Amino acid sequence: MAAGETKAENTSPRSPEAELGIKVEDLWEVLEPQLTPTEKLNSCFQDLPVSSFPVPPSHVIEIPSDTSLAETVEILSRHKIPSAPVRDADAPDDASWMDRYIGIVEFAGVAMWVLNQLDASANGKVGSTLTRMDSFTYKKQANGVAENGLTSATSQSTDDGSTSVAGSFFETLTSSEFYKNTKVRDISGSFRWAPFLALQTSDSFLTMLLLLSKYRVKTLPVVDSDNGMLVNIITQSAVVHMLAECAGLDWFENWGDKALDELGLPNTKPCDLLKVKEDEPVLKAFLLMRKKGIGGLPVVDASGKYAVGNISIRDVQYLLTAPEIYKDYRTITVRNFLTEVQNYLIKQKADSPLLHGLITCKRGDTMKDVILKLDSKKIHRIYVTDESGLLEGVITLRDIISKLVYEPSNYFGDFFDGVLPLPEDSRV
């Protein structure tokens, strides 16, 4: 390499993410040798503005706050995105970005909100969200099902006290006026609803990585520092894809060649790992994810020791987008839910992580091995098993990002001062 020539000038990157990795490499090579590798990574990411993160080829999708739940589901499904910023339909055209957006709505959040209404109605409760809807009232009936077009469904309790529903319930629900008329703003503050916490293009990569890991933010909008326009949305998946594209670069290999157990992963003991058995009601799985605020569960066999599949909070979308595939089931178990969704996806010729089977790793695998698996399969978690196949733990995208950087003392200062507090009924 000629004097003064950087690696970025001497290499033809295979992607925008790889080009970004080369910028990190150039910063890495000129840092003081006395710094530890972790300190060097923190310094590199502190020096990179978030404006350099690649923008997806498709434009940023926004959802007006007066969009119905049915329309919201259709938009997210059509664009194959898990979430979108919600724009205040009543905000003036010249409103600042802080006044223009009211939050982030997730595909799974819509479905889980619907399940919450089912749960509330079955127990004779009226949620605070429902009290704001003049057109709809809920009351407990003899069969535990709400009025307003939902009376053809059946609800029952299982031996462990969890609720199950007949397969026809969701088909009835998605054709109901309740579902068609409820607006996305009506579910503000419900499960997996996030405030509009945005980065500006001048913020650093380090800020972005810490928010996506330590502070558990899943989706980060990026606003142009000059005109206040929304220019990018960065997710945990996008960051892990960037890392996968950096394989082979010195800074990545220095970190990525470490074994999982050397990095303290998985960080959950087997006895503390939440899971669901394949013959249990799928509703139990989704309600457990709602209660614990987690994104997925391993599906285990009758012994509870061996993982046979995975169910994700994202999968709840199929209760709303393809409700007809369950209508002949008296009770939808985890097993028949996953089977019917897989059959549906095959018929639709759709690519989905649900078609890839269970993805696992071992404690001795490297971080690089795991990142490449997660990225190639487009999944959000991977299960750790021992040599005999016993389930030992789980590693998520957030776990991976959290091992890349650390938070310096008093790093954020007053960064969060402009974030509005969540409503009292928030479950984020």
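The structure reproduced in this document is the subject of the present report. Quick caveat: nothing in here was measured; it's all calculated off a predicted structure.

1. What to know about the overall build of the protein
Then step 1. Across its full length, the protein carries 16 helices and 14 strands.
Then step 2. The proportion of buried residues among the 428 residues of the protein is 50%.
Then step 3. For the protein, the share of sequence-separated contacts (at least 6 apart) that also reach a separation of at least 24 residues comes to 63%.

2. Observations regarding the sheet that holds strand β6 (residues 199-200)
Then step 1. One open sheet holds the three strands; their spatial order is β6-β7-β8, and the pairing between them is mixed. Among the strands making up the open sheet, the edge pair consists of β6 and β8 (230-235).
Then step 2. Together, β6, β7 (219-223) and β8 form the strand contacts of helix α9 (residues 205-212), whose direction differs from that of β7 by roughly 150 degrees.

3. A closer look at the packing of aromatic side chains
Then step 1. Following the criterion strictly, the structure yields 13 aromatic pairs and no others.
Then step 2. For the pair Tyr215 and Phe412, a centre-to-centre distance of 5.1 Å together with 75 degrees between the ring planes defines the contact as edge-to-face. Here Tyr215 is found in the loop between α9 and β7, whereas its partner Phe412 is found in the segment after α16 (397-402), with 197 residues between them in sequence.
Then step 3. Arranged with centres 5.1 Å apart and planes meeting at 90 degrees, the rings of Tyr411 and Phe412 form a pair that is edge-to-face.
Then step 4. Overall, the relative accessible area of 8% leaves Phe412 in the buried class.
Then step 5. An aromatic cluster is present here, built from Phe45, Phe53, Phe205, Trp251, Phe252 and Trp255 joined pairwise through their rings.
Then step 6. The aromatic ring of Trp28 is capped on one face by Lys40, whose charged end is 4.3 Å from the ring centroid.

4. Thoughts on the environment of Val239
Then step 1. Of note, Val239 is situated in helix α10 (residues 236-245).
Then step 2. Distance from Val239 to Ile401, taken between C-alpha atoms, is 7.9 Å for residues 162 residues apart in sequence.
Then step 3. With residues up to four places along the chain from it excluded, the contact list for Val239 reads Phe53, Met208, Leu209, Leu212, Ile234 and Ile401.

5. Some remarks on the packing of helix α3 (residues 37-47) against α9
Then step 1. At a minimum axis distance of 6 Å, the contact between α3 and α9 shows a crossing angle of 110 degrees. For the element pair α3 / α9, the angle class is roughly perpendicular. Taken together, the residues of α9 that come into contact with α3 (itself represented by Asn42, Phe45 and Gln46) are Phe205, Leu206 and Leu209.
Then step 2. Among the residues making up the contact of α3 with α9, the classes are represented as four nonpolar, two polar and no charged.

6. Regarding the pairing of strand β14 (residues 391-396)
Then step 1. Of all six residues making up β14, five are buried, and the element is well covered by its neighbours.
Then step 2. Pairing of strand β13 (residues 381-385) with β14, which is carried by five bridges, proceeds in the antiparallel orientation. Residue pairing in the sheet places Thr385 in a bridge with Leu391 of β14.

7. Things to note about the sheet that holds strand β2 (residues 83-87)
The pairing of strands in a sheet comes from backbone hydrogen bonds and takes either a parallel or an antiparallel form.
Then step 1. The sheet built from three strands is open, its strands ordered β1-β2-β3 with mixed pairing. In the strand order of this sheet, the two ends are held by β1 (63-64) and β3 (101-106), each with one partner.
Then step 2. Alignment of β1 against β2, held across two bridges, turns out to be parallel. Within the sheet, the bridge partner assigned to Ile63 lies in β2 and is Val86.

8. Topic: the nonpolar core
Then step 1. Counting 53 residues, the largest nonpolar core has Phe45, Met208 and Trp251 as the members making the most contacts within it.
Then step 2. Take this core: its biggest share by element is seven residues, from α9.
Then step 3. Contact partners of Trp251, with chain neighbours within four places excluded, come to Gly21, Val24, Glu25, Trp28, Leu41, Phe45, Leu243, Cys246 and Leu404.
Then step 4. Ranked by size, the runner-up nonpolar core spans 50 residues in total, among them Phe170, Tyr318, Ala322 and Leu354.

9. Some details on the pattern of salt bridges
Then step 1. Across all of its chains, the model carries eight salt bridges by this definition.
Then step 2. Salt-bridge contacts for Lys284 lead to Glu280; the nearest nitrogen and oxygen are separated by 2.5 Å.
Then step 3. Judged by its relative accessible area of 23%, Lys284 is partly exposed.

10. Considerations on helix α12 (residues 282-292)
Residues three or four positions apart in an α-helix share a direction because the helix packs 3.6 residues into each turn.
Then step 1. Those residues of α12 not exposed but buried are Val282, Leu283, Ala285, Phe286, Leu287, Met289 and Arg290.
Then step 2. Two residues or fewer past α12, Gly293 is found with a positive phi of approximately 65 degrees.

Scoring rules and cut-offs
Residues numbered from 1 in each chain as written. Predicted model: local features only at pLDDT ≥ 70, side-chain atom pairs only at ≥ 80, totals over all residues. Heavy atoms only, no water. Helix = DSSP H or I, 4+ residues; strand = E, 2+ residues; numbered from the N terminus. Buried < 20%, exposed > 50% of the residue type's maximum accessible area, 1.4 Å probe, protein only. Contact = heavy atoms within 4.5 Å. Pairing = 2+ DSSP bridges. Axes fitted to C-alpha atoms, helices over the stretch in contact; angles between N-to-C directions. Phe/Tyr/Trp six-rings, centres within 6.5 Å; stacked < 30°, edge-to-face > 60°. Lys NZ or Arg CZ within 6 Å of the ring centre and 35° of its normal. Parallel < 35°, antiparallel > 145°, perpendicular 65-115°, else oblique. Nonpolar A, V, L, I, M, F, W, Y, C, P; charged D, E, K, R; others polar. Core = buried A, V, L, I, M, F, W, Y, C linked by side-chain atoms within 4.5 Å. Salt bridge = Lys/Arg side-chain N within 4 Å of Asp/Glu carboxyl O.

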